[in-house]
Amino acid sequence: MSAAPAGDVDLSVVVPAFNEEQRLGPTLDAVTRYLGQDEGRWGHWEVVVADDGSTDSTRDLVTAREDPRIRLVTGPRRGKGGALRLGVAASRGRRVLVTDADLAAPIEGLEQLDKALSEGNSAAIGSRRVPGATIGERQHRLRELLGRAGNLLIRRMFLPGVRDTQCGFKLFDGDQAREAFAASRLGGWGIDVEVLRHFRCADRQIAEVPVHWSHQPGSKVGPLDYVRFLAELARLRVRTLRPADLLVTLLFLLMAMALYSGRLFDPDHRYLPDSLQDQNQWEWFFGVTAHNLAHLHNPFFSDLQGFPDGVNLMANTVMLGLTVPVAPLTLLAGPAVALSTVMTLGLAATAGAWYRLIVKRVVRQRAAAFVGASLAAFAPPMVSHANAHPNFVVLFMIPLIIDRALRLCTGTRVVRDGIVLGLMAAYQIFLGEEPLLLAAIGMLLFAGAYAVVRRDVAKEAWRPLLKGLLIAAAVCLPIVAYPLAWQFAGPQSYSHMPHGDNSANSPLALLSFAERSLVAGNAERANALSPNPTEQNAFYGWPLVLLAFAIAVRLWENALVKALAFTAAGAAVLSLGPTFRIPGTEKEYPGPWALLADKPLFESVIEGRVAMVCAPALGMLLALALERLLATPDRGTQYVGLLGVSLALLPLVPAPLKTVERPQTPAFFTDGAWKPYVRSGESLVTVPLPDAGDASPLHWQIEADFGFRLPGGYFNGPWADGRTGIYGATPRYTSGMLSDIRDTGAVPVLGKEWRAQAQRDFAYWRAGALVVAPQPHADALRKAVTELVGRPGKWVDGVWVWDLHKSG
């Protein structure tokens with residue numbers, strides 16, 4: 001039979017081939033036999049074999065056939081993508097079928113693909129993952145698992161809803177296929193994803209059709225092909241990002257680097273003084289996690305500080321969700337580098353996650369979303385916590401959790417989204433439980449307000465949302481059950497952590513400016529309105545509060561605006577604590593936090609932190625206003641509006657965090673001179689013991705590669721029989737006295753009773769030696785220790801040492 005004239009071909013079958021002399025012949029026989037059985041059904045057809053630089057007799061096998069409808073196109077070795085691009089470009093059919101040379105999906109499946117294309121779809125792809133599909137001969141189990149993992153990645157990053165992109169049996173509208181393949185650039189397996197992504201971006205419908213699929217021997221797929229496939233997906237991901245999104249990502253990274261510029265390039269020798277002792281504590285958390293993993297110790301517990309009782313790491317904010325993954329970096333470069341890297345990249349990632357959520361759910365205008373996300377991630381309370389609390393800086397999971405919860409409300413994929421939400425919540429628990437609790441408070445405030453203003457939406461959403469949340473809980477709880485049991489009932493657990501009467505916000509704190517405000521900061525006023533520089537949890541400034549009020553009034557008809565305004569206002573009021581006083585008066589009023597203050601979990605929350613919920617809510621309100629403002633045709637209105645926004649945000653622009661030179665660690669700890677003084681099962685007692693007032697010994701311990709244990713410490717632990725939480729180890733008489741000397745320089749009269757008590761405390765700590773390092777009031781501390789021990793110390797590598805193994 002003669003070939004049909006160009007333009008009159010109804011169906012083109014494109015077969016990519018590389019060294020397929022064994023499998024191609026039977027495939028061509030099966031295809032031509034099937035198409036030839038019913039000429040009226042398929043009309044004029046052709047088979048195009050796209051040879052990818054074969055070195056065997058593949059090309060000869062094709063050219064030896066006398067059927068003019070079977071054509072060969074050849075090119076140099078470029079991979080499957082290059083061969084398909086070549087073959088589809090040479091096709092002439094109104095419809096184009098692409099099938100692999102092994103014909104793992106039988107050609108008879110073309111009937112179902114053609115039916116799907118006739119129903120208005122632009123592409124019909126064979127699928128092994130949809131109902132009705134059957135598998136004959138299966139692949140090796142490892143290949144099957146890798147394939148499923150690849151499909152999951154593809155659905156998540158490129159083609160949501162498409163379950164199987166890699167089955168080599170696809171039917172396309174011919175012109176649209178030639179357009180899509182011509183626009184493709186990938187040379188390997190990734191071309192399937194790239195082409196389908198082209199169809200999806202052009203709003204062309206893709207149908208998945210179940211097929212019968214059987215693995216065929218002779219596969220050309222090797223182990224490195226999976227790596228190349230991932231590399232192609234990465235290239236495709238970069239190419240599919242909008243330039244504006246790439247610019248925003250870069251800007252967020254530069255903003256985070258600017259904030260941490262004082263210690264970013266020398267984290268080992270720079271210290272954030274506004275972190276108080278928290279930087280020492282957090283570096284220890286990173287270091288001890290890596291140490292535990294390297295030595296196969298329990299990651300939930302350590303006796304390296306707080307000896308001999310130890311530290312319940314799950315009951316502290318150790319952030320195992322990050323300290324575990326970055327353990328190789330910690331072991332290689334040290335905890336200071338790891339902590340600096342995590343806080344810088346984590347802050348940028350948090351801003352990026354808020355940006356993604358705002359673009360997806362709130363506004364489409366990229367510039368407006370950037371401003372809103374910047375406020376969400378770099379608001380004054382975030383900058384305050386950036387000094388010391390990575391668990392309140394690295395919040396990239398919170399926007400993802402919010403987005404997944406909103407997906408549940410649609411009711412489309414409740415089971416899948418519920419499972420994913422459960423996994424996300426479990427991971428966030430290992431990043432920080434308190435931020436998750438605060439996020440839940442914010443989501444409840446928003447959901448309640450939105451349900452009131454959009455009852456129709458709430459009526460449709462509550463059932464799938466409830467079902468999804470129950471599924472999420474069923475997934476999350478088994479994962480976190482044991483860690484949480486260890487946290488609340490394990491060794492050195494505590495019942496709750498009281499924070500004092502100054503942990504709530506003053507109403508003035510909501511209207512004032514933070515210490516690190518570049519143009520309006522006032523350290524004296526900010527510290528008077530907050531517990532310390534790391535807990536400036538409000539400080540949004542009166543201009544932003546006025547702007548937010550104006551936005552709410554102007555856009556009040558928008559249900560989203562109403563819900564966001566209520567969320568911000570509700571969080572602000574809750575942050576005032578169980579009671580609050582009106583500034584300038586002596587009158588106190590009960591606050592709504594009183595309803596929660598003594599409840600489990602809430603009793604350990606620093607209520608002032610609830611105001612952090614305001615940051616994303618205000619950011620979204622700002623994004624909505626900017627999108628409306630930028631869309632208005634009135635230039636005068638634009639100018640006045642943008643000026644108002646600029647004036648409200650300018651006082652919130654943060655200055656880089658303060659840094660100072662870190663005191664040098666005494667050589668006694670760095671060169672191993674401590675080793676002769678500490679035997680197995682003993683501790684090294686630094687004088688005074690490390691506590692919340694000075695945790696420098698934790699840094700010395702890190703420098704000594706965790707070679708010795710420390711009594712005392714800076715962590716959350718239990719106090720007395722009631723197991724109320726306190727900062728540090730349970731105090732003993734000697735440790736308290738030495739801390740007083742450190743603070744005052746005054747040495748009390750140390751008689752026989754003090755010396756006897758000291759001996760009991762030294763025995764409790766299993767002390768091998770006492771060490772006094774250079775510090776304020778070091779002479780007074782040295783005098784006190786000499787009187788307690790009964791003999792002078794020895795100067796060793798920059799410190800005074802008392803060897804307790806020696807008598808007299």
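## Overview of the packing of helix α15 (residues 335-361) against helix α26 (residues 614-631)
And step 1. Remark: α15 packs on α26, axes separated minimally by 11 Å, with the N-to-C direction vectors making an angle of 45°. Here α15 lies oblique to α26, going by the angle between them. As for the relative orientation of α15 and α26, their crossing is right-handed in sense. Residue-level contacts link W354, L357 and I358 of α15 to P616, M620 and A623 of α26.
And step 2. Residues of the contact of α15 with α26, tallied by class, amount to six nonpolar, no polar and no charged.

## Observations regarding unusual backbone geometry
And step 1. Of the consecutive residues F307 and P308, the connecting peptide bond is found in the cis state with omega at 10°.
And step 2. For P308, the location among the structural elements is in the loop between β11 (301-302) and β12 (311-312).
And step 3. The omega angle of the peptide bond from V687 to P688 is -5°, so this bond is cis rather than trans.
And step 4. Structurally, P688 is set in the loop between β16 (683-686) and α29 (696-703).
And step 5. A positive phi angle is found at L296, which is not glycine, with a value near 60°.

## Quick look at the pattern of salt bridges
And step 1. On inspection of all chains with the given rule, the structure shows 34 salt bridges.
And step 2. In this structure, D417 engages R404 in a salt bridge whose closest nitrogen and oxygen atoms are separated by 2.7 Å. Here R404 lies in helix α18 (residues 397-410) and D417 lies in helix α19 (residues 414-429), a separation of 13 residues in the sequence.
And step 3. Given a relative accessible area of 2%, D417 falls into the buried group.
And step 4. We classify R404 as buried; its relative accessible area is 4%.
And step 5. Salt bridges sharing common partners tie together R41, R95, E111 and D114.

## Quick word on the sheet that holds strand β1 (residues 11-17)
And step 1. Pairing within the open sheet is mixed, and its seven strands lie in the order β3-β2-β1-β4-β7-β5-β8. In the strand order of this sheet, the two ends are held by β3 (70-75) and β8 (206-210), each with one partner. Taken over all neighbouring pairs, the strand axes of this sheet differ in orientation by 20° on average, direction set aside.
And step 2. In this structure, β1 lies alongside strand β4 (residues 95-99), joined through four bridges in parallel fashion. Following the sheet pairing, V13 is matched in β4 by L97.
And step 3. Along the sheet, helix α1 (residues 24-37) makes contact with β1, β2 (45-52) and β3, crossing β2 at roughly 165°.
And step 4. Relative to the sheet, helix α7 (residues 174-183) contacts β4 and β7 (169-173), its axis offset from that of β7 by approximately 110°.

## Looking at empty space enclosed by the protein
And step 1. Under the defined criterion, the tally for this structure stands at six cavities of 30 Å³ or more.
And step 2. Every residue lining the largest cavity is counted, 16 residues in all, and those nearest its centre are P380, V383, A514, R516 and S517.
And step 3. Class assignment of the residues belonging to the lining of the largest cavity gives a composition of nine nonpolar, four polar and three charged.

## What to know about the packing of aromatic side chains
And step 1. Taken as a whole, this structure holds 23 aromatic pairs when the rule is applied.
And step 2. When the centroid spacing of 6.0 Å and the interplanar angle of 45° are considered together, the rings of Y34 and W42 count as tilted. Side by side, Y34 and W42 carry an identical accessibility label, which is buried.
And step 3. Seen from their ring centres, W795 and W800 are 5.3 Å apart, and the 65° between their planes marks the pair as edge-to-face.
And step 4. Ring-pair connections join several aromatic residues into one group, and the members of that group are F668, F669, W674, Y677, W700 and F708.
And step 5. Lying over the aromatic face of Y764, R732 brings its terminal NZ or CZ to 4.1 Å of the ring centre.
And step 6. In this structure, R782 packs its charged tip against the face of W800, placed 3.5 Å from the ring centre.

Here is what the cut-offs are and how they apply
- Residues numbered from 1 in each chain as written.
- Predicted model: local features only at pLDDT ≥ 70, side-chain atom pairs only at ≥ 80, totals over all residues.
- Heavy atoms only, no water.
- Axes fitted to C-alpha atoms, helices over the stretch in contact; angles between N-to-C directions.
- Helix = DSSP H or I, 4+ residues; strand = E, 2+ residues; numbered from the N terminus.
- Parallel < 35°, antiparallel > 145°, perpendicular 65-115°, else oblique.
- Left-handed = near helix turned anticlockwise from the far one by under 90°.
- Contact = heavy atoms within 4.5 Å.
- Nonpolar A, V, L, I, M, F, W, Y, C, P; charged D, E, K, R; others polar.
- Salt bridge = Lys/Arg side-chain N within 4 Å of Asp/Glu carboxyl O.
- Buried < 20%, exposed > 50% of the residue type's maximum accessible area, 1.4 Å probe, protein only.
- Pairing = 2+ DSSP bridges.
- 1 Å grid on protein atoms, 1.4 Å probe; cavity = no way out; pocket = protein on both sides within 12 Å on 5 of 7 lines; lining within 4 Å.
- Points joined across faces, edges and corners; volume = space filled by probe spheres on them.
- Phe/Tyr/Trp six-rings, centres within 6.5 Å; stacked < 30°, edge-to-face > 60°.
- Lys NZ or Arg CZ within 6 Å of the ring centre and 35° of its normal.

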